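# Structural overview
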Amino acid sequence: QVQLVESGGGLVQAGGSLRLSCAASGRTFSTYYAMGWFRQAPGKEREFVAGIMWNGGTIDYADSVKGRFTISRDNAKNTMYLQMNTLKPEDTAVYYCAASRTLLPTRSRYDYPYWGQGTQVTVSS
């Protein structure tokens with residue numbers, strides 16, 4: 001089993017910053033898994049935000065967040081982070097962390113079998 005727990009969401013004004021964390025645990029979790037962040041706004045599909053290879057060697061961002069968000073991970077702590085700067089109202093969504101059994105991150109949510117419960121991020125204008 002793999003458990004993922006997100007934290008760090010909240011309410012912030014446009015232009016502000018938030019840092020999300022995702023703590024991974026479980027007997028079958030491997031630090032070799034690629035991990036990613038996805039988000040889902042009301043009435044919309046869950047979309048890819050960012051993904052990171054197990055050693056940080058490959059990182060991918062959605063165009064909408066490139067240059068504003070930074071994904072990272074600390075394998076010693078089994079924790080992944082998403083630093084979000086210059087937030088916009090359109091970033092408002094529930095943010096989910098996910099883990100894949102693959103080494104390289106992908107943009108498809110169907111490649112990630114493990115998911116956290118989500119954390120709400122609300123950006124006011």
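This text gives an overview of the structure that appears in the document.

## A short note on the overall build of the protein
Across its full length, the protein carries 0 helices and 11 strands. Across the protein, helices and strands are ordered from the amino to the carboxyl terminus as β-β-β-β-β-β-β-β-β-β-β. Viewed in the frame of its principal axes, the protein has a C-alpha envelope of about 40 × 25 × 25 Å. Per-residue burial over the protein gives 44% buried out of 125 residues.

## Re the nonpolar core
Counting 35 residues, the largest nonpolar core has Leu4, Trp37, Leu82, Met84 and Tyr95 as the members making the most contacts within it. Ranked by residues supplied to this core, first place goes to strand 9 (residues 93–99) with 5 residues.

## Description of the state of the cysteines
Taken as a whole and assessed by the stated rule, the structure comprises 1 disulfide. A sulfur-sulfur distance of 2.1 Å marks the disulfide that ties Cys22 to Cys97. Note on the Cys22 and Cys97 pair: the S-S dihedral is about 50°, so by sign convention the disulfide is right-handed. Of this pair, Cys22 sits in strand 3 (residues 18–25) while Cys97 sits in strand 9, and the two are 75 residues apart along the sequence. The pair formed by Cys22 and Cys97 is uniform in burial state, with each residue classed as buried.

## Side note on the packing of aromatic side chains
Within the structure shown, the criterion is met by 7 aromatic pairs. The interplanar angle of 80° and the centroid separation of 6.4 Å between the aromatic rings of Tyr96 and Trp115 together place this pair among those described as edge-to-face. Here Tyr96 is found in strand 9, whereas its partner Trp115 is found in strand 10 (residues 114–115), with 19 residues between them in sequence. Tyr96 sits in the buried class, given a relative accessible area of 13%. When the ring centre of Tyr81 is taken as origin, the NZ or CZ atom of Arg19, which lies over that ring, is 4.0 Å away. Sitting over the ring of Trp115, Arg46 keeps its end group 4.9 Å from the ring centre.

## Some points on the pairing of strand 1 (residues 3–7)
Of the two faces of strand 1, only one is covered, namely that formed by Leu4 and Glu6; the face formed by Gln3, Val5 and Ser7 stays uncovered. As paired elements, strand 1 and strand 3 share 5 bridges and run antiparallel to each other. If you follow Gln3 over to strand 3, its bridge partner there is Ser25.

## Considerations on the sheet that holds strand 7 (residues 69–74)
Strand order in this open sheet of 4 strands is 1-3-8-7, and the pairing throughout is antiparallel. Pairing within the sheet leaves two strands with one partner each, and these edge strands are strand 1 and strand 7. The mean inter-strand angle of the sheet, taken between neighbouring strand axes irrespective of direction, is 15°.

## Comments concerning the environment of Asp60
In this structure, Asp60 sits in strand 6 (residues 59–61). For the pair Asp60 and Lys77, spaced 17 residues apart in sequence, the C-alpha separation works out to 22 Å. Other than its neighbours up to four places away in sequence, Asp60 contacts Phe48, Val49, Ala50, Gly51 and Arg107. At a separation of 2.6 Å, a polar atom in the side chain of Asp60 contacts the side chain of Arg107.

Parameters at a glance
- Residues numbered from 1 in each chain as written.
- Predicted model: local features only at pLDDT ≥ 70, side-chain atom pairs only at ≥ 80, totals over all residues.
- Heavy atoms only, no water.
- Helix = DSSP H or I, 4+ residues; strand = E, 2+ residues; numbered from the N terminus.
- Buried < 20%, exposed > 50% of the residue type's maximum accessible area, 1.4 Å probe, protein only.
- Core = buried A, V, L, I, M, F, W, Y, C linked by side-chain atoms within 4.5 Å.
- Disulfide = S-S within 2.5 Å.
- Phe/Tyr/Trp six-rings, centres within 6.5 Å; stacked < 30°, edge-to-face > 60°.
- Lys NZ or Arg CZ within 6 Å of the ring centre and 35° of its normal.
- Pairing = 2+ DSSP bridges.
- Axes fitted to C-alpha atoms, helices over the stretch in contact; angles between N-to-C directions.
- Contact = heavy atoms within 4.5 Å.
- Polar contact = N/O pair within 3.5 Å; in protein donor to acceptor, adjacent residues only side chain to side chain.

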